[in-house]
Amino acid sequence: MLTTEKETIGICLFELPEKDQAVIQRVVTFGASQGKHYNLQPNITCSEIVITLDEIELPNNTAIHIRIGESDLPYDILLQRPLLVTRVMRAIDDAAQLLRSRPAITASPEITIESTPEPSTIEPEILVQEIAPTVAIPENATEPPEVSRYTALVVDDSAAIRKQLEIELRHANIAAEFAETGEEALEKSAQKQYDLVFLDVIMPGIDGYEVCRKMRSSKAMKKTPIIMLSGKTSPLDEVQGVIAGASTYLTKPVQHEQFQQTLKRVSKWLTNFAR
């Protein structure tokens, strides 16, 4: 039905008020001027991204789901009010990144089944509370350990990256908690001892290098593995991370195999520290 290989990404505004639709329409129009190929679609089944309000229950579909507000219902990305153009564009960009990390879904011919139950016996399929993984894990990936003793703090202002790392860590049976800014990360790490930290370099407020230096100044975090995350790939960036106290450095977008190999090394460090 859907495919992530085509250039244009369809967005369905599902039962949104006109005011919200107008803001998102401006974002789509502005995105086109920036080379972002988003089109508004009339219904859910032909869309890759669906945007709804927090209280609306959405039928099961293969789209990335953005909810506006505070929701207990399932979602991939939560978009806070007010709907500023920059905030909406960031949410849609994050949704597009999540979409690209999913396997391509292509159209399949309709199949007629002769014996169909009576309509009254068919229950509508509704999204369950647990969200399906948005990042594909290769079939030949290493089996996760049976028991996990570790908790990671993931610090990144991108919802897409936080979601991806949550799935990768879950695959390795490592619990994850999250912070969106450096200030929030420092507050959380002061209140709780984490076994390892994944730290984005570029964030609102203080950057990842400064957060890393402050974490290392704490006696409790002298030996905590801190993995820096950055879209920059120059040797200078890696050197800056090492100077700040980082244990190792990963470039974004994070690749599954590279990430899991890093986790194996970190697990060995944690085992040695425990001894």
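Remember, predicted model here, so these are calculated numbers, not experimental data.

Participant: Quick rundown of the sheet that holds strand E3 (residues 49-53)? Include the residues and the values.
Facilitator: The five strands are arranged E2-E1-E3-E4-E5 in an open sheet whose pairing can be described as parallel. Each of the sheet's edge strands pairs with one partner strand only, and the pair in question is strand E2 (38-41) and strand E5 (77-79). Across the sheet, the mean angle from the axis of one strand to that of its neighbour is 25 degrees, orientation sign disregarded. Pairing analysis gives four bridges linking strand E1 (residues 9-13) to E2, with the strands arranged parallel. In the strand pairing of E2, glycine 10 is matched with asparagine 39.

Participant: Outline the UniProt feature "modified residue: 4-aspartylphosphate" (unreviewed entry) in the protein, supporting the account with residue identities and numerical values.
Facilitator: Following the UniProt record, the feature "modified residue: 4-aspartylphosphate" (unreviewed entry) maps to Asp200 here. Inspection of the secondary structure puts aspartate 200 in strand E8 (residues 196-200). Look past the residues within four positions of aspartate 200 in its chain and what remains in contact with it is Val155, Asp156, Asp157, Gly208, Leu229, Ser230 and Lys252.

Participant: An account of helix H3 (residues 159-171) is needed here, citing residue identities and associated values.
Facilitator: In a regular helix each residue adds 1.5 Å, so 13 residues correspond to 18 Å; H3 covers 18 Å between its end C-alpha atoms and thus fits that length. By the criterion of burial, H3 is predominantly enclosed, with eleven of the 13 residues buried. Regarding H3, the residues found buried are Ala159, Ala160, Ile161, Arg162, Lys163, Gln164, Leu165, Ile167, Glu168, Leu169 and His171. Once H3 finishes, asparagine 173 follows within two positions and takes phi at roughly 60 degrees, a positive value.

Participant: Hey, could you go over the packing of helix H1 (residues 18-33) against helix H2 (residues 85-101) for me, with residue numbers and the actual values?
Facilitator: Angle between the axes and distance between the axes are the two parameters that describe a pair of packed helices. Where H1 contacts H2, the axes come no closer than 9 Å and their chain directions differ by 70 degrees. The orientation of H1 relative to H2 falls into the category roughly perpendicular. The two elements H1 and H2 cross, and the hand of that crossing is right-handed. Side by side, H1 and H2 meet where Val23, Ile24, Arg26, Val27, Phe30 and Gly31 of the first sit next to Val85, Val88, Met89 and Ile92 of the second.

Participant: Outline the pattern of salt bridges, listing residues and values.
Facilitator: Within the structure shown, the criterion is met by twelve salt bridges. Of the charged contacts, one joins aspartate 94 and arginine 90 as a salt bridge, the two residues approaching to 3.6 Å between their closest N and O atoms. Of this pair, aspartate 94 and arginine 90 both sit in helix H2, separated by four residues, roughly a single helical turn. Its salt-bridge partner being glutamate 180, residue arginine 162 comes within 3.6 Å of it at the nearest N-O pair. Taken together, the residues arginine 162 in helix H3 and glutamate 180 in the loop between strand E7 (175-179) and helix H4 (182-191) connect sequence positions 18 residues apart. On the accessibility criterion, glutamate 180 (41% relative accessible area) is partly exposed.

Participant: Pulling in residues and values, what's your account of the pairing of E8?
Facilitator: Of all the five residues making up E8, five are buried; the element is thus mostly covered by neighbouring parts of the structure. Burial along E8 is two-sided: Leu196, Phe198 and Asp200 and Val197 and Leu199, pointing in opposite directions, are all buried. Direction of pairing for strand E6 (residues 151-155) relative to E8: parallel, over a ladder of four bridges. Residue pairing for E8: valine 155 is matched across the bridge by leucine 199. Pairing of E8 with strand E9 (residues 226-230), which is carried by four bridges, proceeds in the parallel orientation. Counted as the bridge partner of aspartate 200 is leucine 229 from E9. Taking the sense of rotation as the criterion, the β-α-β connection linking E8, helix H5 (residues 208-216) and E9 turns out right-handed.

Procedures and definitions
- Residues numbered from 1 in each chain as written.
- Predicted model: local features only at pLDDT ≥ 70, side-chain atom pairs only at ≥ 80, totals over all residues.
- Heavy atoms only, no water.
- Pairing = 2+ DSSP bridges.
- Helix = DSSP H or I, 4+ residues; strand = E, 2+ residues; numbered from the N terminus.
- Axes fitted to C-alpha atoms, helices over the stretch in contact; angles between N-to-C directions.
- UniProt positions renumbered as here; feature names shortened; annotations may be inferred.
- Contact = heavy atoms within 4.5 Å.
- Expected span 1.5 Å × (residues − 1).
- Buried < 20%, exposed > 50% of the residue type's maximum accessible area, 1.4 Å probe, protein only.
- Parallel < 35°, antiparallel > 145°, perpendicular 65-115°, else oblique.
- Left-handed = near helix turned anticlockwise from the far one by under 90°.
- Salt bridge = Lys/Arg side-chain N within 4 Å of Asp/Glu carboxyl O.
- Right-handed = clockwise from strand over helix to strand, strands pointing away.

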